[in-house]
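Chain residues, written in single-letter form:
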Amino acid sequence: MTEKEELRRKIFALKKEKNAIILAHNYQRDEVQDIADYRGDSLELSRIAADTDCDVIVFCGVHFMAESASILSPDKTVLLPEISAGCPMADMIAADSARNARTQFAGFEYHEGFTYPPEFSLKDIKKLHPGVPVVTYVNTTAEVKAESDICCTSANAVKIVESLDSDKVICIPDKNLSAWIARNTKKEVIAWDGFCHVHERATADDVKSAREAHPDALVLAHPECRMEILEMADHVTSTSGMLRYAQSSDANEFIIGTETGLMYKLKSDNPDKSFYPLRKDMICPNMKKTSLNSVLHCLETETYKIKVPEEIRVPAKKALDRMLEVK
Ligand code: 13P
Ligand code: SF4
């Protein structure tokens, strides 16, 4: 038996013994995707975490994803195999700031199209726009979710904004997703200056060179990409949205504008089609931290437990539940 087979055997045995479920995001390493009970995008994995009757949820992803699982399923043991697997975008916005709001806002006047820089916290923005609902991308901390009216993912962001009875919305923290929402709704979008460093890396020149190299390929882009890319793309959608689109499309070639981990399932689901990464270096280092060894260690030692304090969990759950109710 190879070392990998041995690791898999031990993981499956422990998983059964502990009545655990393994969830893996579409960006995880190939070998981690292979041992998962479910792999998917943020929305799909949140739904599974909310509905599972297993005792333990092993979340192969980044910190905010395990936190969401714990918020939705507080009675389960939620484990994140690599405690340092965070999402830099999630850390770009704080729920609160220690600064004196009156000093901070002295002379500040909001104008349409302005995007808030990190000097402001979510509480600061709310003070400046009383009554305007806050739509929070799931790539945020539990504290930020707790200050929000409703969450969204890349799969449902426009639908969520459209579901709100307000002609103005605050969308945090991704400026690219917010710009995409603004383009697809008549509502005014008050945005934040956050971004994903993996998607932000790609530019229009990358699309041009990929199209020159593969003239028959369709360009699929994640809404975390810059607007210049979203404007050039044939289809803009979440990671699982790309999986569905590639499978149902008549096209045979695709340029993939997201983290390269998605290529594994795209290729295995569609062996007769060709997939090219928009950039080979669109790799999320945090998503790649989890390995078979860390999953085994996590099941053996029940580390790292992710638990959100009740005073944050309850309001954060309201925002997540409200999102999950939008069909
Ligand atoms: P999806 O919800 O589309 O899978 O995206 C999650 C993410 O972190 C994108 O960078
Ligand atoms: Fe965060 Fe970007 Fe990594 Fe997704 S790909 S987890 S948004 S850093």
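Our structure's up above, just so we're on the same page.
Everything quoted here is computed from the prediction, not taken from an experiment.

Draft legend 1. Region of interest: the sheet that holds strand β10 (residues 218-221). With parallel pairing, the four strands of this open sheet are ordered in space as β11-β10-β12-β13. Each edge of the open sheet carries a strand with a single partner, namely β11 (235-236) and β13 (274-277). Bridge count for β10 against strand β12 (residues 253-257) is four bridges, and the pairing is parallel. Its bridge partner being in β12, Val219 is matched across the sheet by Ile255.

Draft legend 2. Structural view of the packing of aromatic side chains. Summed over the entire model, instances satisfying the criterion amount to eight aromatic pairs. Arranged with centres 5.2 Å apart and planes meeting at 55°, the rings of Phe108 and Phe114 form a pair that is tilted. In textbook terms, an aromatic cluster arises when at least three aromatic residues are bridged by ring pairs, as seen for Phe108, Tyr110, Phe114, Tyr116 and Phe120.

Draft legend 3. Here's a closer look at the side chain of Asn176. With respect to the helices, strands and loops of the structure, Asn176 is situated in helix α9 (residues 175-183). A relative accessible area of 8% means that Asn176 is categorised as buried. Once residues within four sequence positions are removed from consideration, Asn176 is found in contact with Phe195, Glu200, Pro223, Glu224, Cys225, Arg226, Met227 and Leu230.

Draft legend 4. Highlighting the pattern of salt bridges. One pass over the structure, following the stated rule, counts 21 salt bridges. Ionic pairing is found between Glu44 and Arg244, a salt bridge with its closest N-O pair at 3.1 Å. One end of the pair, Glu44, is in helix α3 (residues 42-51); the other, Arg244, is in helix α13 (residues 239-248), and 200 residues separate them in sequence. Between Asp206 and Arg279 there is a salt bridge, with its nearest N and O atoms 3.2 Å apart. On the criterion of sequence distance, the pair formed by Asp206 in helix α11 (residues 204-213) and Arg279 in the loop between β13 and α15 (292-301) is long-range, its members being 73 residues apart. We classify Asp206 as buried; its relative accessible area is 15%.

Draft legend 5. Structural detail: the environment of Thr237. Structurally, Thr237 can be placed in the loop between β11 and α13. Sequence-wise, Thr237 and Ala155 are 82 residues apart; in three dimensions their C-alpha atoms are separated by 6.3 Å. Here Thr237 is in contact with Ala221, His222, Pro223 and Met242, once residues within four sequence places are set aside.

Draft legend 6. Main features of the nonpolar core. With 69 residues, the main nonpolar core has Leu23, Phe59, Val135, Leu278 and Met323 as its most contacted residues. Look past the residues within four positions of Phe59 in its chain and what remains in contact with it is Leu23, Leu45, Met65, Ala66, Ala69, Leu79, Leu80 and Pro81. By size, the runner-up hydrophobic cluster in this structure holds 18 residues, among which are Leu14, Ala24, Val295 and Cys298.

Draft legend 7. Highlighting the site of ligand 1. Around ligand 1, the neighbouring residues are His25, Tyr27, Asp41, Ser42, Asn139, Ser154, His199, His222, Glu224, Ser238 and Thr239. One of the side-chain N or O atoms of Ser42 is found 2.7 Å from an oxygen atom in ligand 1. Contact distances for ligand 1 include 3.3 Å between an oxygen atom and a side-chain N or O atom of Asn139. Taking 300 Å² as the accessible area of ligand 1 by itself, protein coverage stands at 96%.

Draft legend 8. Expanded view of the sheet that holds strand β4 (residues 77-79). The four strands lie next to each other as β2-β1-β3-β4, forming an open sheet whose pairing is parallel. Pairing within the sheet leaves two strands with one partner each, and these edge strands are β2 (38-40) and β4. Here the average twist between neighbouring strands, direction ignored, is 20°.

What counts, and at which threshold
Residues numbered from 1 in each chain as written. Chains lettered and ligands numbered in written order. Predicted model: local features only at pLDDT ≥ 70, side-chain atom pairs only at ≥ 80, totals over all residues. Heavy atoms only, no water. Pairing = 2+ DSSP bridges. Helix = DSSP H or I, 4+ residues; strand = E, 2+ residues; numbered from the N terminus. Phe/Tyr/Trp six-rings, centres within 6.5 Å; stacked < 30°, edge-to-face > 60°. Buried < 20%, exposed > 50% of the residue type's maximum accessible area, 1.4 Å probe, protein only. Contact = heavy atoms within 4.5 Å. Salt bridge = Lys/Arg side-chain N within 4 Å of Asp/Glu carboxyl O. Core = buried A, V, L, I, M, F, W, Y, C linked by side-chain atoms within 4.5 Å. Near = heavy atom within 4 Å. Polar contact = N/O pair within 3.5 Å; in protein donor to acceptor, adjacent residues only side chain to side chain. Areas by Shrake-Rupley, 256 points an atom, 1.4 Å probe, with all protein chains shown as cover. Axes fitted to C-alpha atoms, helices over the stretch in contact; angles between N-to-C directions.

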